[in-house]
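# Remarks on the overall topology
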Amino acid sequence: MVDVANSTNTGLSAGDPTRFLVNDLCALLETYLEPEQIRRVERAYLFSAQAHQGQKRLTGEPYIYHPLAVAQTMAEMRMDADSIIAGILHDVIEDTPTAKEQLVIEFGQDVADLVDGVSKLTHLTSESRAEAQAENFRKMMLAMVNDLRVIMVKLADRLHNMRTLRIMPPEKRRRIARETLEIYAPIALRLGMNTLRVELEQLGFEALYPNRYRMLDNAVKRSRGNRKELLQKIEATITGRLQAAGIESRVFGREKSLYSIYRKMRQKRLSFKEVFDVFAMRMIVKDVDTCYRALGVIHNLYKPVPGRFKDYIAIPKANGYQSLHTVLFGPHGIPIEAQIRTEEMDRVAQVGIAAHWLYKTGDNSSIKAQTRAHQWLKDVLEIQQSAGNSQEFLEGVKADLFPDEVFVFTPAGEIRQLPRGATAVDYAYSVHSDVGNTCVAVKIDRRLAPLSTVLQSGQTVEVITAPSARPNPTWLNFVVTAKARANIRHFLKNQQHEEAIRLGQRLLGRALASYDLDIGSIDKTQIGSLLKDIGLDSFEALLKDIGLGNRMAQLVARRLVDSGDKPLTSERASAAGMPLAILGTEGMVVSFAKCCHPIPGDPIVGLMSAGRGLVIHRDACHNVTPHRDKLDKWIQVFWSQEPVGEFTTGIRVQSANQRGVLAALASKISDEGSNIENVSFEERDGITTTITFLLTVNSRRHLARIMRVIRSTPEVYRVQRTRG
Ligand code: MN
């Protein structure tokens, strides 16, 4: 027996009122943990007591009572040392100045992660969430943890809070009780933790419906007196018969919980008498064979009620529960519900997944928590499959514990479900296609985040929209939902359609101007016959073709003019060029070449490229020169007075190869109001390094300013703009 008070060095006074709690806990742990692990638990206790020093519960007790009670519940389920320690420390991150890093140092990464996981769940409250959302909330909690032990600590935490709920004001008491019945008890049920679930339900029921609880409680007390003698007689009779058949057993009557009576009365519309006047007996025997033999014995003793026998040993329940169930006609025709199972099955029936935690493994730390949860599922799944009943299991437990979805909150506290990997843009489209189409930024847990951020369960997501905003084609690289993808594609297609028509109009207008004509002055029949010749059904379609670069404006203009009275002279053709002004707002049909990255102020030329529209290059771009002779494809362009938008361009920086240079440069660039889109490195000789930045600017002047600032950095030797 490890006695904390007697061990040296604990720093506790002999009169420490929590000593007996720790001693109880350690006594229980000794039945299944190594002494070395128990010493870690003691250390956690001292650490936690220190951290919570001076804090009190609302009950007036020292705060440390609460974490110790949580650890005690974990120990009763025979959880591993890390879980017990996490139970003792579960409130230190949340309620004391202790940092997670400190827990890593003191108790290791696993314990720190568990405590951190519990703290995260503590931040989730279902306060004011709609009732219909309870199921989603439950799923969200499970989706948020990657170690199920976090949930177990949380359930134990909730259990102790429910046990001390009386101290709370009525309103708060009801809210917590409702949350317990709707969220925590069902999770305990999922995990097969029945003992804990029944107590949560009982306490929740009492706090939420005190009158109904009292009425039922009185009814049970009255009936219990009448039945006590009979129950003892039945117990003795069964035990005797089993003994006579050579079967060792523990036989005991069990009482239904008030909440299960209440639920049965409501769901099946039964009277109290109908539900309660059933005796329930449980028989624990040594192995599976004996279960069936015992069943034979009691079916011989009392007649079974036809159709009520269930073999959950051969076909276990979804959470791994195994037992034989039967109903008997007892003395005076009173029905007896009997359950027969082994010790191991009984343990699983009580603590569920917790029963699998220490089981089958010699070395606890060698198996990761998640692997173990999977192992548990696999075990249960195997039993299910051999029983040919895996469907229910797969749909229920697995979907809940290893979800393919993430659950996030709207700013109003509503829960939304999205597929795993969904980004802020997917979320925006899930709200409404208009929200998606006009989103410009997103706040995740009240902090601005990139639109491409992948969402995590439990986050609160708020989309910021601007009426003039438009979907960005690059979103297609990261969205995962079909709805977002379809909406973006649809929008871009429409958008491109309109932009192409506008550009086509400008290009044709410009080509006609070299004949001193404009679009309005062309004869309608002329246009009609051209459309017929080339097989298009509208003038718009023709303009769109021109805008997309599928048709040359010069050729179209010539055809429109040819049949008229103004034959084109060669001088005129070569003069084909009032240059086109580039505004920067043309959208997708005007793009800027990635080879030379032109920005406003650069001398530029335009190249019509089939299907893509007009691509703008720098006049000096190496890619331009070889095509110079294909005159009809080139368009003279110039920058309009004040081009709008951000333009990407590249600069190459040679600097000393020293730590921190890149960070310094990046922060200077960003201080100048520019975004860095890409950085690449080239180390020449260990002394100098060449860094190429792709960044956004709005003019040559803006770029010059950035380059000046970079040049003034002492480590930098040289700054150049990249060439095409
Ligand atoms: Mn707590």
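In short, a report on the structure. (Residues numbered from 1 in each chain as written. Predicted model: local features only at pLDDT ≥ 70, side-chain atom pairs only at ≥ 80, totals over all residues. Heavy atoms only, no water.)

Next up on the list: a positive patch on the surface. Together, Lys268, Arg308, Lys310 and Lys317 make up a region of like positive charge exposed at the surface. The residue Lys268 is located in helix α13 (residues 258-268) in this model. (Patch = residues over 30% accessible without salt bridge, like charges linked within 9 Å, V, L, I, M, F, W, Y side chains within 5 Å. Areas by Shrake-Rupley, 256 points an atom, 1.4 Å probe, with all protein chains shown as cover. Salt bridge = Lys/Arg side-chain N within 4 Å of Asp/Glu carboxyl O. Lys, Arg positive; Asp, Glu negative; His and termini not counted. Charge placed at Lys NZ, Arg CZ, Asp CG, Glu CD. Helix = DSSP H or I, 4+ residues; strand = E, 2+ residues; numbered from the N terminus.)

Turning to the sheet that holds strand β9 (residues 447-449), a few remarks are in order. Strand order in this open sheet of three strands is β9-β8-β10, and the pairing throughout is antiparallel. Among the strands making up the open sheet, the edge pair consists of β9 and β10 (461-465). Averaged over all adjacent pairs, the angle separating strand axes in this sheet is 35°, with direction ignored. Direction of pairing for strand β8 (residues 439-444) relative to β9: antiparallel, over a ladder of three bridges. In the strand pairing of β9, Lys443 is matched with Leu448. (Pairing = 2+ DSSP bridges. Axes fitted to C-alpha atoms, helices over the stretch in contact; angles between N-to-C directions.)

Turning next to the pattern of salt bridges. For the structure on display, the rule yields 23 salt bridges. Arg163 is the salt-bridge partner of Glu199, the closest N and O atoms lying 2.6 Å from each other. Here the residue Glu199 occupies a position in helix α11 (residues 194-208), and Arg163 occupies one in helix α9 (residues 148-163), the gap between them amounting to 36 residues. Residue Glu343 pairs with Arg250 through a salt bridge whose shortest N-O separation is 3.1 Å. You can see Glu343 sitting in helix α16 (residues 343-351) and its partner Arg250 sitting in strand β1 (residues 250-254), a full 93 residues away along the chain. You can call Arg250 partly exposed: its relative accessible area is 39%. (Buried < 20%, exposed > 50% of the residue type's maximum accessible area, 1.4 Å probe, protein only.)

Let us look at empty space enclosed by the protein. Taken as a whole and judged by the stated rule, the model has one cavity of 30 Å³ or more. Along the walls of the largest cavity sit Arg227, Arg254, Glu255, Lys256, Ile261, Val275, Phe276 and Val278, which together make up its complete lining. Grouping the amino acids of the lining of the largest cavity by side-chain chemistry returns four nonpolar, no polar and four charged. (1 Å grid on protein atoms, 1.4 Å probe; cavity = no way out; pocket = protein on both sides within 12 Å on 5 of 7 lines; lining within 4 Å. Points joined across faces, edges and corners; volume = space filled by probe spheres on them. Nonpolar A, V, L, I, M, F, W, Y, C, P; charged D, E, K, R; others polar.)

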